[in-house]
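Structural characterization, general
Listed here are the chains, written in short residue letters.
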Amino acid sequence: GNGLTFLLDPNPATFWQSDGAQPHTLTATFPSRVQISAVRLLLAYPADESYTPRTVSVTLAATSPKELRPGSAPHRHAALLELDKPQGWVDILEAYSASSPAAAVAVQIAVIANHQNGKDCHVHGVQVLAPAAGVAGGAAAGAAPGGAGEEAGENGGEEER
């Protein structure tokens, strides 16, 4: 598939493509706890059809990226969404108010199923956003991925940028 370079570039025509069995995961890690107000994916059902994610989960790790491993505690599934032919930016985690954002050292997005039972998926962009400046506990607005150690992987394999 296409690597992380395509996921993080500003061109909506490019995309990261998974390879292998589901679930497909994208993991962003940060050097310390950060406030997270939203997680967004750029998806394009009209162009990608069966490559478009349908069921997506977001998991937050409060103190260590190791918390994202199955059976590890305490990790928290912050959101589980069913998407219907998404087009454009989709908020997959906006469950926290600006006055009470989530704090995490890692965020993992898992594509559990695709439209039309597709095997691999396309994701055109990802954003992990911080609360707006001036909000209690906030950082700069629009803090997109760029944390130390963004990774993407499937079935335990990881690709590091």
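Not measured: the values here are computed from a predicted model. (Residues numbered from 1 in each chain as written. Predicted model: local features only at pLDDT ≥ 70, side-chain atom pairs only at ≥ 80, totals over all residues. Heavy atoms only, no water.)

1. Here's the deal with the environment of threonine 27
Tracing the chain through its elements places threonine 27 in strand β2 (residues 24–36). Spatially, the C-alpha atoms of threonine 27 and alanine 106 are 6.9 Å apart, while their sequence positions differ by 79 residues. Only 2.9 Å separates the side chain of threonine 27 from the side chain of glutamine 108, close enough to count as a polar contact. (Helix = DSSP H or I, 4+ residues; strand = E, 2+ residues; numbered from the N terminus. Polar contact = N/O pair within 3.5 Å; in protein donor to acceptor, adjacent residues only side chain to side chain.)

2. Re the confidence of the model for the protein
Do not read the fine detail of predicted coordinates wherever pLDDT is low. Within the protein, residue pLDDT values average 78, and 73% of them lie at 70 or more. Note that residues 135–161 has pLDDT below 50 and, in this model, 73 contacts with residues that lie over four places away or in other chains. (pLDDT = per-residue confidence, 0-100. Contact = heavy atoms within 4.5 Å.)

3. Points about the pattern of salt bridges
One pass over the structure, following the stated rule, counts two salt bridges. Among the salt bridges present, the one from arginine 40 reaches aspartate 91, with a minimum N-O distance of 3.4 Å. Residue arginine 40 is located in strand β3 (residues 38–44), and its partner aspartate 91 is located in strand β6 (residues 87–93); the two are separated by 51 residues in the primary sequence. (Salt bridge = Lys/Arg side-chain N within 4 Å of Asp/Glu carboxyl O.)

4. Observations concerning unusual backbone geometry
Along the chain, glutamine 22 connects to proline 23 via a cis peptide bond; the corresponding omega equals 5 degrees. Relative to the assigned elements, proline 23 resides in the loop between β1 (16–17) and β2. Located in the positive-phi region is lysine 85, a residue other than glycine, with phi close to 50 degrees. You can see lysine 85 is positioned in the loop between β5 (75–82) and β6. The backbone of glutamine 116 shows a phi angle near 55 degrees, a positive value even though the residue is not glycine. With respect to the secondary-structure elements, glutamine 116 resides in the loop between β7 (102–114) and β8 (122–123).

5. A few points about the environment of proline 131
On the secondary structure map, proline 131 appears in the loop between β9 (125–129) and β10 (151–154). C-alpha separation for the pair proline 131 and glutamine 35, spaced 96 residues apart in sequence, amounts to 6.9 Å.

6. Thoughts on the sheet that holds β6
As summarised here, the arrangement of the three strands in space is β6-β3-β9, forming an open sheet in which the pairing is antiparallel. Two strands in the sheet have a free side with no partner beyond their single neighbour: β6 and β9. Strand-to-strand twist in this sheet, taken as the mean axis angle between neighbours without regard to direction, amounts to 20 degrees. Bridge count between β3 and β6: six bridges; the pairing is antiparallel. Bridge assignment links alanine 44 to a residue of β6, and that residue is glutamine 87. (Pairing = 2+ DSSP bridges. Axes fitted to C-alpha atoms, helices over the stretch in contact; angles between N-to-C directions.)

7. A look at the side chain of asparagine 114
Mapped onto the elements of the fold, asparagine 114 is located in strand β7. Judged by its relative accessible area of 1%, asparagine 114 falls in the buried class. The residues touching asparagine 114, leaving out its near neighbours within four places in the chain, are Gln22, Ser50, Tyr51, Thr52, Pro53, Arg54, Lys119, Asp120 and Cys121. (Buried < 20%, exposed > 50% of the residue type's maximum accessible area, 1.4 Å probe, protein only.)

8. Re the pairing of β9
Where burial is concerned, most of β9 is hidden: five out of the five residues are buried. Because side chains alternate across β9, one face comprises the buried residues Gly125, Gln127 and Leu129, and the other comprises Val126 and Val128, equally buried. Pairing of β3 with β9, which is carried by five bridges, proceeds in the antiparallel orientation. Across the sheet, residue arginine 40 finds its bridge partner in β9, namely glutamine 127.

9. Remarks on the environment of alanine 130
Tracing the sequence through the fold places alanine 130 in the loop between β9 and β10. Assessed through its relative accessible area of 9%, alanine 130 is described here as buried. Separated by 27 residues in sequence, alanine 130 and alanine 103 place their C-alpha atoms 9.8 Å apart.

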